[in-house]
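# Structural features, examined
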There are 2 protein chains.
Amino acid sequence: MAARQLHLNAFLMGVGHHEAAWRHPRAEPAGITDVRHYQRLAEIAERGKLDSVFLADGLALWGNVRHNALGGLEPLTLLAALATVTEHIGLIATVSTTYNEPFHVARKFASLDHISGGRAGWNIVTSASEAEARNFGVERPAHKERYDRAAEFLQVVTELWDSWEDGAILGDRRSGDYADTARIHALDHVGRHFRVRGPLNTSRPPQGHPLLVQAGSSEDGKEFAARYAEAVFTAQQTLQEGQEFYSDLKSRLGRYGRRADELLILPGISPIIGSTEREALQLERELEELIIPAYGVQQLSGILGVDLSDHPLDSPLPEVAQPADGQQSRFKLVTDLARRERLTLRELIGRLAGGRGHRVVTGTPERIADQIQEWFTSGAADGFNIMPPVLPSGLADFVDHVVPELQARGLFRTEYGGRTLRQNYGLARPASRFEQKAPVAS
Amino acid sequence: MAARQLHLNAFLMGVGHHEAAWRHPRAEPAGITDVRHYQRLAEIAERGKLDSVFLADGLALWGNVRHNALGGLEPLTLLAALATVTEHIGLIATVSTTYNEPFHVARKFASLDHISGGRAGWNIVTSASEAEARNFGVERPAHKERYDRAAEFLQVVTELWDSWEDGAILGDRRSGDYADTARIHALDHVGRHFRVRGPLNTSRPPQGHPLLVQAGSSEDGKEFAARYAEAVFTAQQTLQEGQEFYSDLKSRLGRYGRRADELLILPGISPIIGSTEREALQLERELEELIIPAYGVQQLSGILGVDLSDHPLDSPLPEVAQPADGQQSRFKLVTDLARRERLTLRELIGRLAGGRGHRVVTGTPERIADQIQEWFTSGAADGFNIMPPVLPSGLADFVDHVVPELQARGLFRTEYGGRTLRQNYGLARPASRFEQKAPVAS
Ligand SMILES: Cc1cc2nc3c(=O)[nH]c(=O)nc-3n(C[C@H](O)[C@H](O)[C@H](O)COP(=O)(O)O)c2cc1C
Ligand SMILES: Cc1cc2nc3c(=O)[nH]c(=O)nc-3n(C[C@H](O)[C@H](O)[C@H](O)COP(=O)(O)O)c2cc1C
C-alpha cells in the first residue's frame, strides 16, 4: 500500500453547523425531520468516498428553539434508514451510556451493523447536561460517576456482542441444529451499575464490534478513550493544541496494551468554502449577519455556566470560574480562544456560531486542503471531522472541490477498499472473547 | 363509502411462523438477519395493499436456539430500514414498557413516524418472562405492576408527542423565529414510576400519535387495551371464543369515553395455502415432519410453566395448574384446546408449532377467504393478523391468491386510500392535548 491515508467523517448536523444556517437561502429548514434530506447528505458523502457520516445527539430540547432549528430525529433510527440507500459509508450514531441500558444498546447497534452489512459505529457519550437528567427522573450523576458507569457499560455491551461466537450458527436443516449452543454464552455480569444475564438475542454483528467512537476531552474522558475508543472526535483551535492533544492521547494507549495506531484522532473543522478567497469571505459574512446576538449569548452562557445576558456585547469576555460537572474541556477551549485573540463578547459569539468551538477555516479548496494536510502531516490528526456550515451545499462543496484536491495530493482514497466501517478506517475486526475458551484437546 | 372494510396486518416472524419453517426448502434461514429478506416481505405486503406489517419482540434469547432460527433484528431499527422502500404500508414495532424509559420510546416512534411519513405503530407489551428481567438486573415485576407502569408510561409518551403543538414550527427565516415557544410545552410529569420534564426534542409526529397497538388478554390487559389501544392482536381458536372476546373488549371502551369503532380487533390466523385442498395438506404435513418433538415439549413447558419433558408424547396432556405472573390467557387457550379436541402431547405440539396458539387454517384460497369472511361478518373480527407459516412464500401466496378473493367479494381495498397508517385503519389523528390550553380572549 501507498502512503498513510487521511480519514474523513462528515458530521451531519441538521441543516448545517452554523447556528444561523437554517436562515440561509441555501438551507431548507424542513430538512431536519425529512429523511430525504439525510439520504441526500449520505449519498453526497459516499460520492466523496468519505469514511463515515456521524449524527450527534442529546436527550433534551436544549438550546433555544425560538431561534434555532431543533427537534430533529433520533440517530439510530435515522441511520437505519440511511443504510439502505448507501453501500460503503460508515454510519455513526451517538448514544448515551448514562440514560440507557447496555442490553438495548448492544442490540440496536448489532441490528444496525447487520442491516448495513458492517457499517455501524457508536459515538459514546455520557450526557453532561442537567436538562437530560430531568427527562429521566434522576439527578445528573457527577462527571467521574458518569465515566465509571460508561466503562462498565462498555464492558457489558462488548461482551454481549461477543456472546455469539462467529461460528455459532450452523443452520443445518437436515439435522435440525440451527445453532451450536456451546458457542452462545451467558455473561452473568454482576457489577456496580449493571446485572446482565445474556446472551444477546441478536447474533454477532458483522464487524464483531461496531466501531467505538468517543469525544471526551477531560482526564476521565481521555483515559476512557485510550482504553475503549477506536476513533476520537475533538475540538482543537490551533496546530499546537492539536499536536499536544494528539500526542497526549496516543501516549495513553500503551497502558491498556494498545498500539498508537489502534485509535484515530479526528479534530473538527468547519470549512467555509468559496471558489475564491473573496467568495468564501462573502459566505462567512452572510452567515454572520444572520446570527441573533441574544441567542449566541444564551448559548455561550450555557457553555460557561454563567449568565452573560447583561454583559455589553462589545466588551471583552469577563473572567469566569470553571463549573464542576459540565463539559470541562469546552469551557477551557472557549475561554482560551477569547483570551488568545482578545475577542469581545460579540466576536466570540460569531466565532462559536460557526463551529461551536471547532476550528473554522474560510477559503478556497486549496487553502482548506493545505490546512488539512498541515495538521495531518505534523502530528495533529489522523483525519478530520468535517462540519459544513450549511447542509447540503457545504458538504457538496467539500466533496466536489476539497476531496479532489486531497486525492490529487495522494492523501485520500479515490475508491473504497472494503465494505465495512472498520475497513474504511483500517481497523481490525475483534474476535469474540469467548473464542479463547474453546476446549483444547488434553 | 361502500361496505365495512377488512383490515389486514402481516405479522413478519423471521422466516415463518411455523416453528420448523427454517428447515423447509422454501425458507432461507440466513434471512433472519438480512434486511433484504424483510424488505422483500414489506414489498409483498404492500403489493397486496395490506394495512401494515408487524414485528414482535422480546428482550432475551428465549426458546431453544439449538433448534430454532433465533437471534434476529431489533424491530424499530429494522422498520426504519423498511420505511425507505415502501410508501403506504404501516410499520408496527413491539417495544416493552417494563424495561424502557418513556422519553426514549416517544422519541424513537416520533422519529420512525417522521421517517415513514406517518406510518409508525407501537405494539405495547409488558414483557412477561423472567428471562427478560435478568437482562436488566431486576426481578420481574408482578403482572398488575407491569400494567400499572404501562399505563403511566402511555400517559407520558402521548404527552411527549403532544408537547410540540401542530403549529409550533414557524420557520420564519426573515425574523429568525424558528418556533413559537408558547406552543412547545414542558410536561413536568411526576408519577409513581416516572418523573419527566419534557418537552420532547423531536417535533410532533405526522400522525400526532403513532398508532397504538396491544395484545393483552388478561383482565388488566383488556382494560389497558380498552383505554389506550387502537388495534388489538389476539389469539382465538373458535368463532365463539372470537365473538366473546370481541364483544367483551368492545363493551369496555365506553368506560373510557371511547366509541366501539375506535379500536379494531385483529385475531391471528396462520393460513396454510394450497391451490387444492390436497396441496395445502401436503404443505402442512411437510412442516409437521420437520418438527423436533423435544423442542416442542420444551416450548409447551414454557407456556404452561411446568416441565413436560418426561411425559409420554402419545398420552393426553396432564392436568396442570395455572402459574401466577406469566401470560395467563395463553395458558388457558392451550389447555382449552387440548381438552376440547382431546389432543395427545404430540398432537398438541403439532398444533402449536403452526401458530403458537393462533388458529391455523389449511386449505385453498377460497376456504381461507370463507373463514376470514365468516369471522368478519359475525362479530368476531375487524380484520386479521396474518401469520404465514413460511416466509416469504406464505405471504406471497396470501397476497396473490387470498387477497384477490377478498377483493372480489368487496371485503378488501384494491388501492390505498391515504398515506398514513391511521388512514389505512380508518382511525382519526389525535389533536395535541395542549391545543386546548390556547389563551381565549376574555
Ligand atoms: C465533535 C464532538 C461531538 C460531540 N457529540 C456529542 C453528542 O452528540 N452528544 C453529547 O452528549 N456530547 C457530545 N460531545 C461531547 C463529548 O462527548 C464530551 O462530553 C465533551 O467533549 C466533554 O468532554 P468530557 O466528557 O471528557 O468532559 C461531542 C464532542 C465533540 C468534540
Ligand atoms: C399476536 C400477538 C403478538 C404478541 N407479540 C408480543 C411480543 O412481540 N412481545 C411480547 O413480549 N409479548 C407479545 N405478545 C403477548 C401480549 O403482549 C400479552 O402479554 C399476552 O397476550 C398475555 O396477555 P396479558 O399480558 O394480558 O397477560 C403477543 C400476543 C399476541 C396475541
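What counts and how
- Residues numbered from 1 in each chain as written.
- Chains lettered and ligands numbered in written order.
- Predicted model: local features only at pLDDT ≥ 70, side-chain atom pairs only at ≥ 80, totals over all residues.
- Heavy atoms only, no water.
- UniProt positions renumbered as here; feature names shortened; annotations may be inferred.
- Helix = DSSP H or I, 4+ residues; strand = E, 2+ residues; numbered from the N terminus.
- Rg over C-alpha atoms; globule rule 2.2 N^0.38 Å.
- Buried < 20%, exposed > 50% of the residue type's maximum accessible area, 1.4 Å probe, protein only.
- Contact = heavy atoms within 4.5 Å.
- Lys, Arg positive; Asp, Glu negative; His and termini not counted.
- Charge placed at Lys NZ, Arg CZ, Asp CG, Glu CD.
- Buried area = accessible area lost by both parts, 1.4 Å probe.
- Salt bridge = Lys/Arg side-chain N within 4 Å of Asp/Glu carboxyl O.
- Polar contact = N/O pair within 3.5 Å; in protein donor to acceptor, adjacent residues only side chain to side chain.
- Nonpolar A, V, L, I, M, F, W, Y, C, P; charged D, E, K, R; others polar.
- Near = heavy atom within 4 Å.
- Least-squares fit on C-alpha atoms with pLDDT ≥ 70 in both.
- Pairing = 2+ DSSP bridges.
- Right-handed = clockwise from strand over helix to strand, strands pointing away.
- Expected span 1.5 Å × (residues − 1).
- Axes fitted to C-alpha atoms, helices over the stretch in contact; angles between N-to-C directions.
- Parallel < 35°, antiparallel > 145°, perpendicular 65-115°, else oblique.
- Left-handed = near helix turned anticlockwise from the far one by under 90°.
- Bend = angle between axes of the 7 residues up to and from the residue.

The name an unreviewed UniProt entry assigns to chain A is FMN-dependent oxidoreductase (Nitrilotriacetate monooxygenase family), from the organism Streptosporangium brasiliense. Database annotation for chain A, UniProt heading Sequence similarities (unreviewed entry): "Belongs to the NtaA/SnaA/DszA monooxygenase family."

### A look at the overall build of chain A
Per the secondary structure count, chain A includes 14 helices and 13 strands. In summary, chain A has a C-alpha radius of gyration of 22 Å against a globular reference of 22 Å for 442 residues, a match within 12%. For the C-alpha atoms alone, the extent of chain A along its principal axes is close to 75 × 50 × 40 Å. In chain A, buried positions account for 62% of the 442 residues. Within chain A, residue pairs in contact and separated by at least 24 positions form 78% of the contacts whose partners lie at least 6 positions apart. Averaging the locations of the 49 positively and 57 negatively charged side chains of chain A gives two centres separated by 2 Å.

### Some details on the interface of chain B and chain A
The partner chain A presents 72 residues to the 72 residues of chain B that form the contact. Contact between chain B and chain A buries roughly 5,800 Å² in total, counting both sides, with carbon and sulfur atoms accounting for 55%. In this assembly, chain B and chain A are joined by eight salt bridges. Between chain B and chain A we count 43 residue pairs in polar contact (both at pLDDT 80 or more) in total. Ranked by residue count, the leading element in the side of chain B that touches chain A is helix α3 (residues 102-115) of chain B, at eight residues. Residues that form the side of chain B that touches chain A fall into these classes: 32 nonpolar, 25 polar and 15 charged.

### Observations concerning the site of ligand 2
Residues and elements named next belong to chain B. Near ligand 2 there are 19 residues, and of these D57, H143, Y147, A215 and S218 occur at the shortest range. Separating an oxygen atom of ligand 2 from a side-chain N or O atom of H143 is a distance of 2.7 Å. Taking Y147, its side chain carries an N or O atom lying 2.6 Å from an oxygen atom of ligand 2. At the level of elements, β4 (120-125), α5 (143-162) and α10 (328-340) are the ones that each hand at least two residues to the shell around ligand 2. Taken together, the residues of the shell around ligand 2 sort by class into six nonpolar, eleven polar and two charged.

### Overview of the site of ligand 1
Residue and element names in this part refer to chain A. With respect to spatial proximity, 19 residues lie near ligand 1, and among them D57, H143, Y147, A215 and S218 are the closest. At 2.8 Å from an oxygen atom of ligand 1 is found a main-chain nitrogen or oxygen belonging to A215. With respect to ligand 1, the backbone of S217 contributes an N or O atom lying 3.0 Å from an oxygen atom. Contributing elements (two or more residues each) for the shell around ligand 1: β4 (120-125), α5 (143-162) and α10 (328-340). Here the shell around ligand 1 is built from residues that sort into six nonpolar, eleven polar and two charged.

### Regarding the relation of the copies chain B and chain A
Once turned by 180° and shifted 0.0 Å along the axis, chain B lies on chain A with an RMSD of 0.0 Å. Read as a symmetry element, the transformation amounts to a two-fold axis. No C-alpha of chain B approaches the rotation axis more nearly than that of A81 of chain B, which lies at 2.2 Å. Both copies contact each other with a shared surface, as 100% of the interface residues of chain B are interface residues in chain A too.

### Comments concerning the side chain of D382 of chain B
Residue and element names in this part refer to chain B. For D382, the position within the fold is in the loop between α12 (365-377) and β13 (383-386). With relative accessibility at 6%, the residue D382 sits in the buried group. For D382, the side chain forms a polar contact with the side chain of Y246, separated by 2.6 Å. Apart from the residues within four sequence positions on either side, D382 is in contact with R4, Q5, L6, H7, Y246, K250, L263, L264, I265, L266 and F376.

### With respect to the pairing of strand β3 (residues 90-96) of chain B
All names here are of chain B. Within β3, seven of the seven residues are buried, which leaves the element mostly enclosed by the surrounding structure. Burial of the side chains of β3 extends over both faces: G90, I92, T94 and S96 are buried on one face and L91, A93 and V95 on the other. As judged from the four bridges shared by strand β2 (residues 52-55) and β3, these two strands associate in the parallel manner. Among the inter-strand pairings, F54 is bridged to a residue of β3, identified as I92. The pairing of β3 with β4 spans six bridges and is parallel. Bridge assignment links T94 to a residue of β4, and that residue is N123. For the crossover from β3 across α3 to β4, the handedness is right-handed.

### Points about the environment of R4 of chain B
All names here are of chain B. Structurally, R4 can be placed in the segment before β1 (7-11). Put simply, R4 and F412 are 408 residues apart on the chain and 8.9 Å apart in space, counted from C-alpha to C-alpha. The contacts of R4, once residues within four sequence positions are left out, are Y246, F376, A381 and D382. Within the local environment of R4, its side chain forms a polar contact with the backbone oxygen of F376, the two atoms lying 2.8 Å apart. Side-chain polar atoms of R4 contact the backbone oxygen of A381, separated by 2.9 Å.

### Remarks on the pattern of salt bridges
By the definition in use, this model includes 83 salt bridges over all chains. The salt bridge involving D166 of chain A is made with R429 of chain A; its shortest N-O contact spans 2.9 Å. One end of the pair, D166 of chain A, is in the loop between α5 and β5 (169-172); the other, R429 of chain A, is in the segment after α14 (421-424), and 263 residues separate them in sequence. Exposure remark for R429 of chain A: the relative accessible area of 38% places this residue in the partly exposed category. Residue R252 of chain B is joined to E223 of chain B by a salt bridge in which the shortest nitrogen-to-oxygen separation is 2.8 Å. Taken together, the positions of R252 of chain B in helix α7 (residues 239-252) and E223 of chain B in helix α6 (residues 219-228) put the pair 29 residues apart, joining distant regions of the chain. Note on accessibility: R252 of chain B and E223 of chain B belong to one class, buried. Where salt bridges share partners, they join E219, K222, E223, D248, R252 and R255 of chain A into one cluster.

### Thoughts on α3 of chain B
Residues and elements named next belong to chain B. End to end, α3 covers 20 Å across 14 residues, agreeing with the expected 20 Å (1.5 Å per residue, within 8%). Counting buried positions along α3 gives 14 out of 14 residues, so the element sits mostly inside the fold. Residue G117 follows α3 closely and has a positive phi angle near 65°.

### Quick word on the packing of α10 of chain B against helix α11 (residues 345-355) of chain B
Residues and elements named next belong to chain B. Where α10 contacts α11, the axes come no closer than 10 Å and their chain directions differ by 130°. Here α11 runs oblique to α10, going by the angle between their axes. Crossing geometry of α10 relative to α11 is assigned as right-handed. The segment α10 lies against α11, with V334, L337 and A338 engaging L348, R351 and L352. Along the lines of polarity and charge, the residues of the contact of α10 with α11 split into five nonpolar, no polar and one charged.

### Focus: helix α13 (residues 393-408) of chain A
Residues and elements named next belong to chain A. The terminal C-alpha atoms of α13 lie 22 Å apart, and with 16 residues this matches the ideal 22 Å at 1.5 Å per residue to within 8%. Its maximal kink placed at V402, α13 deviates by approximately 30°, while the proline P404 follows within four residues. Those residues of α13 not exposed but buried are S393, G394, L395, A396, F398, V399, V402, V403 and L406. Lining the buried residues of α13 we find β1 (7-11), α1 (35-47), β11 (264-273), α12 (365-377) and β13 (383-386).

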